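Chain by chain, the residues run as shown.
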Amino acid sequence: MTVFKPASSNPSFQNSIEDRLQIKRLLEPTLIISTNAGSDVVKGLTQRPKTLPPRYFYDDRGSELFEQICELPEYYLTRTETKILQSYASEIAAITGACEIVELGSGSSTKTRILLDAYQKQGLPLHYLPIDVSAGMLESSALSLLADYPSLQVYALAGTYELALAEIEPKQLPNRMICFIGSTLGNLNPQECDVFLSQVKAALQVGEYFLLGVDLQKPKHILEAAYNDNQGVTAAFNLNMLEHLNWRYEGNFDTSQFAHWAFYNELEHQIEMHLKSKRSQTVELRTLKLNVHFEPGETIHTEISRKFDLNRIQQELKTKGLVPQKVWTDENQMFGLLLCQLQDKG
C-alpha cells in the first residue's frame, strides 16, 4: 500500500495542491502476481457457463470507455440521475449539514460536482473521498476538481470497495455520506448486494448517511437499447475486459473473435452482458498457467444490471438499518435516488 502525491510540471500549482490532495493505493500495480491473483479468473473461465468478474472492466481504458457510455443518447441512466441530483442536491446538503462525501466508483466525478456546488453554496466545508480501482482516473479527476474548488480537500483511495471501506479513516467533519450513485448496485446479484450493504453499514456510524442511485424496472426495448448503442461504445467496453486480461495475465485473447451480446432477462429483471466466441478457439493466460477452450457461440457472462422495484429496495435497506429519509425519482419513474440514514448499528 502506498501514498503518493501526483506529479505536476507547474511548481506553483503543485504547491497549491500539496496540502489538499492525497491518493492512497490499496492495490499495488507492480505486485500483480501473488498467491491468489487471478483465482477469480481461473474459477470463472473453468466453469460452465463461463463468467468473469465485472471488476476487470475497469482498467484505465475501461474507465475511459465507461465515461463515454454515460454520454450516449441511448444511455438514459446518467442524464436522468443527473437531473434528479440537480433538483435535490441542495436538499441533500441541508439534511446532512457539514458532511464528508465518500464516493464509491467515483470515475470522473462529474455528478459529484453537483453535490459539491450545493454544499459550497450553503457555506459548508468541502471534503471529498473518491474511491475507484483506477488510480489514473482518480488523479486526473481530483486535479480537475481541485482547480475548480479552491477550498476542497481530497483524500482518494485506489482499490476495491471492500478494501476502501475498511480503510476509511475517522471523519474530520460532523457528518459523513457514502455515495453509491450511477446504478452500480444493479451489478451485484442479491447475495453480493446483501454483503455490500453490510460493508456500507460497517463503514458508517449511527446518524451518518448513504446516498444510493438505482435504475428502476421499465420496458424491455428501452433497456436493451441502452446496452446496445449504435456507436458500439458498450461493445468496446465489454471487449476491453479481454484486453485487460491480456495485459494483466499475459493472455492472447483476440478480441476480433468475440462479439458483444446484451439482452434483458425479464424473469430476473436484469440486463445480462456476455462475450460470445465467434469460432472454436483456445486462449492462453500464461501468468495463470491456464488454457481455455471455446466452442463456436460459447459465451462468457461478464455483467448483470438489475432493475429495481422502488418499494422492495427500500425494505431491503431498512433491514440493514439504512432507513430511507428521502426518495426522489424523475417524472417518468425511470430512476430512483434514495438518501438513507444509519439508525441501527446492530
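To be clear, the structure that these remarks concern was listed above.
Quantities reported herein were computed from a predicted structural model and do not represent experimental measurements. (Residues numbered from 1 in each chain as written. Predicted model: local features only at pLDDT ≥ 70, side-chain atom pairs only at ≥ 80, totals over all residues. Heavy atoms only, no water.)

1. Regarding the overall build of the chain
Counting secondary structure elements, the chain contains 11 helices and 15 strands. A compact globule built from 346 residues would reach a C-alpha radius of gyration of about 20 Å, and the chain, at 20 Å, matches this within 12%. Taking the principal axes of the C-alpha coordinates as reference, the chain spans close to 60 × 50 × 40 Å. When the 346 residues of the chain are sorted by exposure, 52% land in the buried category. In the chain, once contacts between residues fewer than 6 apart in sequence are set aside, the share between residues at least 24 apart is 72%. (Helix = DSSP H or I, 4+ residues; strand = E, 2+ residues; numbered from the N terminus. Rg over C-alpha atoms; globule rule 2.2 N^0.38 Å. Buried < 20%, exposed > 50% of the residue type's maximum accessible area, 1.4 Å probe, protein only. Contact = heavy atoms within 4.5 Å.)

2. Concerning the packing of helix α4 (residues 76-96) against helix α5 (residues 112-121)
Contact geometry of α4 with α5 gives a least axis separation of 8 Å together with a crossing angle of 40°. When the axes of α4 and α5 are compared, the pair comes out oblique. Crossing angle aside, the handedness with which α4 passes α5 is right-handed. Of the residues in α5, those touching α4 at Thr82, Leu85, Gln86, Ala89, Ser90, Ile92, Ala93 and Thr96 are Ile114, Leu115, Ala118 and Tyr119. Partitioned by chemical class, the residues of the contact of α4 with α5 number eight nonpolar, four polar and no charged. (Axes fitted to C-alpha atoms, helices over the stretch in contact; angles between N-to-C directions. Parallel < 35°, antiparallel > 145°, perpendicular 65-115°, else oblique. Left-handed = near helix turned anticlockwise from the far one by under 90°. Nonpolar A, V, L, I, M, F, W, Y, C, P; charged D, E, K, R; others polar.)

3. Here's the deal with the packing of aromatic side chains
Scanning the entire structure with this criterion turns up 16 aromatic pairs. For the pair Tyr75 and Tyr227, a centre-to-centre distance of 6.2 Å together with 75° between the ring planes defines the contact as edge-to-face. In this pair, Tyr75 is assigned in the loop between α3 (60-69) and α4 and Tyr227 in the loop between α9 (220-226) and α10 (233-249), connecting sequence segments 152 residues apart. Judged by its relative accessible area of 6%, Tyr75 is buried. When the centroid spacing of 4.8 Å and the interplanar angle of 40° are considered together, the rings of Trp261 and Phe263 count as tilted. Since its relative accessible area comes to 35%, Trp261 is described here as partly exposed. Owing to a relative accessible area of 22%, Phe263 belongs among the partly exposed residues under this scheme. (Phe/Tyr/Trp six-rings, centres within 6.5 Å; stacked < 30°, edge-to-face > 60°.)

4. Let's talk about the sheet that holds strand β3 (residues 50-51)
The strand order β3-β13-β10-β9 describes an open sheet built from four strands, whose pairing is mixed. Where the open sheet ends on each side, the last strands, each with one partner, are β3 and β9 (258-265). Pairing geometry for β3 and strand β13 (residues 299-306), over two bridges, is parallel. The residue of β13 that forms the bridge with Thr51 is His301. Contacting β9, β10 (270-277) and β13, α10 crosses the sheet at an angle of about 60° to β10. (Pairing = 2+ DSSP bridges.)

5. Some points on the environment of Ile101
Relative to the assigned elements, Ile101 resides in strand β4 (residues 99-104). Residue Ile101 is classed as buried on the basis of its relative accessible area of 2%. Residues Ile101 and Arg248, 147 residues apart in the sequence, show an inter-C-alpha distance of 32 Å. In this structure Ile101 touches Leu115, Leu116, Tyr119, His127, Tyr128, Leu129, Met177 and Cys179, once residues within four positions along its chain are discounted.

6. Some details on α3
Those residues of α3 not exposed but buried are Gly62, Ser63, Leu65 and Ile69. Summarising the axial view, the buried residues of α3 lie within an arc of 160°, below the 170-degree limit, and thus occupy one face. On its buried face, α3 sits against β5 (127-132), α6 (135-148) and α10. (Arc of directions from axis to C-beta.)

7. Overview of α4
Taking 1.5 Å per residue, 21 residues should reach 30 Å; α4 reaches 28 Å between its end C-alpha atoms and fits that length. The largest bend in α4 comes to about 55°, at Tyr88. Residues of α4 that are buried: Tyr76, Leu77, Thr78, Thr80, Glu81, Thr82, Ile84, Leu85, Ala89, Ile92, Ala93 and Thr96. Immediately downstream of α4, the backbone of Gly97 shows phi near 70°, a positive value. (Expected span 1.5 Å × (residues − 1). Bend = angle between axes of the 7 residues up to and from the residue.)

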